[in-house]
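In case you want the letters, here they are:
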2 protein chains.
Amino acid sequence: MNAKACTGEERRTELRRVMVIGAGLIGTSIALALRAHEVDVTLTDPDPASLRLACDLGAGRPLEEAAQVAPADLAVIAAPPAIIPRVLRDAQDRGLAQVYTDVASVKVSVLREAQRLGCDMATFVPGHPMGGREKHGPGAARADLFLGRSWALCPTGKADPVSVAVVTELARLCGADPLVLDGAAHDQAVALVSHAPHVASSAVAARLLGGDQVALTLAGQGVRDVTRVAGGDPGMWEEILTHNAAPVARVLAEMAADLAATAEALRTHTAHSNEATVSLEPVRDLLERGRSGHGRIPGKHGTVRRPEYAVIPVVIPDEPGALGRLFAAAATAGVNIEDVRIEHSPGLPLGVAELYVLPEAVNSLAEALTDDGWSVHPGA
Amino acid sequence: MNAKACTGEERRTELRRVMVIGAGLIGTSIALALRAHEVDVTLTDPDPASLRLACDLGAGRPLEEAAQVAPADLAVIAAPPAIIPRVLRDAQDRGLAQVYTDVASVKVSVLREAQRLGCDMATFVPGHPMGGREKHGPGAARADLFLGRSWALCPTGKADPVSVAVVTELARLCGADPLVLDGAAHDQAVALVSHAPHVASSAVAARLLGGDQVALTLAGQGVRDVTRVAGGDPGMWEEILTHNAAPVARVLAEMAADLAATAEALRTHTAHSNEATVSLEPVRDLLERGRSGHGRIPGKHGTVRRPEYAVIPVVIPDEPGALGRLFAAAATAGVNIEDVRIEHSPGLPLGVAELYVLPEAVNSLAEALTDDGWSVHPGA
């Protein structure tokens, strides 16, 4: 809303009318966020059921019903990467909007194909909001899907600064942190922090096909976390990986080399287990590098580090109202519960609620809950 | 408590006196669980501070102070795998207990070394409770650490059935599901579901050392989950891996081959991206196998599948008492919240609480909360 239009009053960063092309999880979530800011949103989707559901959820009006008197301020193309350039060219030919963006998780291949198709790169600012869910479709959409997340913007050198300002405003209205970077840098970054980790997760999960049911019974939280993303849609991920093939291939080859070296060191150790000369250096080295790399990941929400909360485990009976009584007791003590995790024990009448609070609140909350009759375990 | 002693009344499955050797996370958690069942627990640890803390937490009495009138019913050796056989032999020589178990995550190497040292295998039943935390030491211990988890028991053919019954009773008192299996089968299983996944997590996390800070800013929940276990202690994991070297090496070699094949397919695809003849079959195949393998993991707590809960997102103001009011409203509606996840938005006065409830409770809870003035998003 600060940047002034420099090419005429029809271009401005204040978003009044936005068109969302593709009413899936991402498109509908963006639409819901915009609607919360009173933006006029029109929606379109090749699937009539998705479009109807998105509109019923309050994400906007179908494009067909809207009296399209003038181009929208912005069109958001929330479609798979393979069809984005064609959709963009078509939308630009029809003059549907003044500025265009997309939300694909790959950028170089989209930019290359858009240029090959002769799209207007002055009004196209590719984007990638770093939010998502394992669920798909408009029914899974949430207005807050991008709250506090990074939103990558990858304009080419041909992009109009006003176009960049418009898409920056879109990210801000969705509560995200806009981050401008080069398309190639973006693709290398997501290969590292998203695409290659997904393949590694699949490689771990694929091994579980070789275990019997007893082996799987021994699965704990670790392997569940490592393999969670492997439950994602193979078709969608195949498309993502093939559109970011070279950067992903490089990272995967490095991972494969690390795993092969570790396997070889362990195998050699077994074969010569009576000889102290066998070096386990590759094993220790990988574990050390892994811990260092893990430590580089910023706090949960993009660059914003959450304060270090203290955890108070409280035993709770597994019955209606127990949590309500617990939180009411915390509220009476004037303490804000920042987060809570519940561990249930099937077949047993107890669970444990882990209350996350600011460190300075631990003592007073623990005392108040204990006085209220709760089984509290601070420091445990 | 059912099995009758067959070698004299001094052997029984009712545990009255247990000795825990090693007051770390696992040993202290076992001791706390036993104390909750009125079992007399004595503790020992080479580190006086750990021992004192465990005792102060109510996990038992120090061994030195206990008037040791007779051997304990059971000694639990909660020590690293490398020293277990020596500690076992020493404890058996001193006649500290009638039955012995351990809690190490590897079994074959411990059994082999125990036999080599001449330990009495009739009274030794190796065990492995499938619970843990990322934190270490007695301060992190919890009486419910093993609630609903599997507890592997790996007796050799020489084990006395009464010894097995005693250790089975230990697992039951800790709320776990005892599971008897062969030591080699155990080691192969944990290589698959724990040890190799840990190394894969390290290999993903190690790559993050190669990314700049902007790349890491794009990290989402996926890579956080995949790399969570890579934050574990390298020294502890090196010991675990080297004690289960051959099974882990086999799984890692298979993972490395999958990742290398995927990298090669993607690299070839890039090099020949204009030729439709390049096969992406290895990529799709790994993604499909990964999803199938992920689907084989049983529900969160061992073999017990949790019911499929429905999720109701509710917008909550970030202020003291908000969660208390929310749960009080749920309790008034007579609905039990089975689980809850909270998404905070730093810098914004709102968050979203995802309430997990039985599917049949969704409508009544959503209505009650809406009537109570909450911003409820069932189906979102």
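Bear in mind that the values here come from a model prediction, so they are computed numbers and not experimental data. (Residues numbered from 1 in each chain as written. Chains lettered and ligands numbered in written order. Predicted model: local features only at pLDDT ≥ 70, side-chain atom pairs only at ≥ 80, totals over all residues. Heavy atoms only, no water.)

A. View of the relation of the copies chain B and chain A. Overlaying chain B with chain A gives an RMSD of 0.1 Å, the required rotation being 180° about an axis along which the chain moves by 0.0 Å. Here the transformation between the copies is reduced to the relation of a two-fold axis. By residue overlap, the copies meet face to face through one surface: 100% of the interface positions of chain B are interface positions in chain A. (Least-squares fit on C-alpha atoms with pLDDT ≥ 70 in both. Contact = heavy atoms within 4.5 Å.)

B. Here's a closer look at the sheet that holds strand 2 (residues 40-44) of chain A. All names here are of chain A. If you walk across this open sheet you meet the five strands as 3-2-1-4-5, and the pairing is parallel. Every other strand in the sheet has two partners, leaving strand 3 (61-62) and strand 5 (100-102) as the edge strands with one partner each. Where strand 1 (residues 17-21) lies against strand 2, five bridges are found, and the strand directions are parallel. The partner of Val18 across the bridge, within strand 2, is Val41. (Pairing = 2+ DSSP bridges. Helix = DSSP H or I, 4+ residues; strand = E, 2+ residues; numbered from the N terminus.)

C. Highlighting the sheet that holds strand 8 (residues 177-180) of chain B. Residues and elements named next belong to chain B. Pairing in this open sheet of three strands is mixed, and the strands run 6-7-8 from one edge to the other. Strands at the two margins of the open sheet, each flanked by one partner only, are strand 6 (127-129) and strand 8. Ignoring which end each strand starts from, the neighbouring axes of this sheet average 20° apart. As judged from the four bridges shared by strand 7 (residues 150-153) and strand 8, these two strands associate in the parallel manner. (Axes fitted to C-alpha atoms, helices over the stretch in contact; angles between N-to-C directions.)

D. Here's a closer look at unusual backbone geometry. Here the phi dihedral of A:Glu38 falls at roughly 65°; this positive angle occurs in a residue that is not glycine. Structurally, A:Glu38 is set in the loop between helix 1 (25-35) and strand 2.

E. Structural detail: helix 6 (residues 183-207) of chain B. All names here are of chain B. With 25 residues, helix 6 extends 34 Å between its outermost C-alpha atoms, agreeing within 8% with the 36 Å of an ideal straight helix rising 1.5 Å per residue. Of all the bends in helix 6, the largest measures some 55° and sits at Ala191. Taking burial as the measure, the 25 residues of helix 6 include 21 buried ones, the bulk of the element. (Expected span 1.5 Å × (residues − 1). Bend = angle between axes of the 7 residues up to and from the residue. Buried < 20%, exposed > 50% of the residue type's maximum accessible area, 1.4 Å probe, protein only.)

F. Region of interest: the pairing of strand 4 (residues 74-77) of chain B. All names here are of chain B. Across the two faces of strand 4 the burial is the same, with Leu74 and Val76 and Ala75 and Ile77 all buried. When strand 1 (residues 17-21) meets strand 4, the two strands line up parallel, connected through four bridges. Bridge pairing links Val20 to Val76 in strand 4. In terms of strand pairing, strand 4 meets strand 5 (residues 100-102) through three bridges, oriented parallel. Pairing of Ile77 across the sheet is with Asp102, part of strand 5. On the question of chirality, the crossover connecting strand 4 to the parallel strand 5 by way of helix 3 (residues 84-94) is right-handed. (Right-handed = clockwise from strand over helix to strand, strands pointing away.)

G. Representation of the packing of aromatic side chains within the structure. Inspection of every chain in the model, using the stated rule, returns three aromatic pairs over all chains. A centroid spacing of 4.7 Å and a plane angle of 10° characterise the contact between A:Phe327 and B:Phe327, whose relative ring orientation is stacked. Placement of the pair is A:Phe327 in helix 12 (residues 322-332) and B:Phe327 in helix 12 (residues 322-332), with the two residues belonging to separate chains. Just as A:Phe327 is buried, B:Phe327 falls in that class too. (Phe/Tyr/Trp six-rings, centres within 6.5 Å; stacked < 30°, edge-to-face > 60°.)

H. Up close: the interface of chain B and chain A. Each side of the interface is counted separately: chain B has 128 residues, and chain A has 128 residues. Summing both partners gives a buried area of about 11400 Å² for chain B against chain A, and 67% of it is carried by carbon and sulfur. A per-residue breakdown of the area chain B buries against chain A is headed by B:Arg207, B:Leu218 and B:Arg296, which together make up 7% of the total. The tally of links from chain B across to chain A stands at ten salt bridges. Taken together, the residues that form the side of chain B that touches chain A break down as 64 nonpolar, 35 polar and 29 charged. (Buried area = accessible area lost by both parts, 1.4 Å probe. Salt bridge = Lys/Arg side-chain N within 4 Å of Asp/Glu carboxyl O. Nonpolar A, V, L, I, M, F, W, Y, C, P; charged D, E, K, R; others polar.)

I. Expanded view of the domain arrangement of chain A. Residue and element names in this part refer to chain A. Each domain of chain A was delimited in the assignment, giving domain 1 (17-181), domain 2 (187-273 + 280-295) and domain 3 (310-376). Using only C-alpha atoms to locate each centre, domain 1 and domain 2 end up separated by 33 Å. Taken together, the contact pairs twelve residues of domain 1 with ten residues of domain 2. At the surface where domain 1 touches domain 2, the tally comes to zero salt bridges. Across the domain 1-domain 2 interface, the total number found is four residue pairs in polar contact (both at pLDDT 80 or more). (Domains from an automatic or database assignment. Polar contact = N/O pair within 3.5 Å; in protein donor to acceptor, adjacent residues only side chain to side chain.)

J. Focus on the packing of helix 6 of chain B against helix 9 (residues 234-243) of chain B. Residues and elements named next belong to chain B. It is the contact of helix 6 with helix 9, at a shortest axis distance of 11 Å, that shows an interaxial angle of 125°. Here helix 6 lies oblique to helix 9, going by the angle between them. Relative to helix 9, helix 6 is oriented so that their crossing is left-handed. Between helix 6, through Ser194, His195, His198 and Val199, and helix 9, the contact on the second element is made entirely by Trp237, Ile240 and Leu241. Here the contact of helix 6 with helix 9 is composed, by residue class, of four nonpolar, three polar and no charged. (Parallel < 35°, antiparallel > 145°, perpendicular 65-115°, else oblique. Left-handed = near helix turned anticlockwise from the far one by under 90°.)

K. Quick peek at the pattern of salt bridges. Going through the model one piece at a time under the given rule, you end up with 34 salt bridges over all chains. Here A:Arg267 ties to A:Glu264 by a salt bridge, and the two come within 3.1 Å at their closest N and O atoms. Of the two residues, A:Arg267 and A:Glu264 are both situated in helix 10 (residues 245-271); the distance of three residues between them amounts to about one turn of the helix. Residue B:Glu113 is joined to B:Arg116 by a salt bridge in which the shortest nitrogen-to-oxygen separation is 3.0 Å. With B:Glu113 and B:Arg116 both in helix 4 (residues 108-116), this residue pair falls three residues apart, about one helical turn. The exposure class of B:Glu113 is partly exposed, given its relative accessible area of 27%. Several salt bridges share partner residues, and in doing so they unite A:Arg207, B:Glu254, B:Asp258, B:Asp285 and B:Arg289 into one network.

L. Quick look at helix 11 (residues 281-295) of chain A. Here helix 11 of chain A is 15 residues long and its end C-alpha atoms lie 21 Å apart, about the 21 Å a rise of 1.5 Å per residue gives. When helix 11 of chain A is considered as a whole, its buried residues turn out to be A:Val283, A:Leu286, A:Leu287, A:Gly290 and A:Gly293. What you see down the axis of helix 11 of chain A is that its buried residues fit within an arc of 130°, all on one side. Against the buried residues of helix 11 of chain A lie helix 10 of chain A together with helix 6 and helix 9 of chain B. (Arc of directions from axis to C-beta.)

M. Quick look at the environment of A:Phe327. With relative accessibility at 2%, the residue A:Phe327 sits in the buried group. As a C-alpha pair, A:Phe327 and A:Leu369 span 42 residues in sequence and 9.6 Å in three-dimensional space.

N. Up close: the side chain of B:Thr227. As for its position among the elements, B:Thr227 is in helix 8 (residues 221-227). Since its relative accessible area comes to 0%, B:Thr227 is described here as buried. One polar contact links the side chain of B:Thr227 to the main-chain carbonyl oxygen of B:Val223, over a distance of 2.7 Å. Apart from the residues lying within four places of it in its own chain, the contact partners of B:Thr227 are A:His294, A:Ile297, B:Ser201, B:Val204 and B:Ala205.

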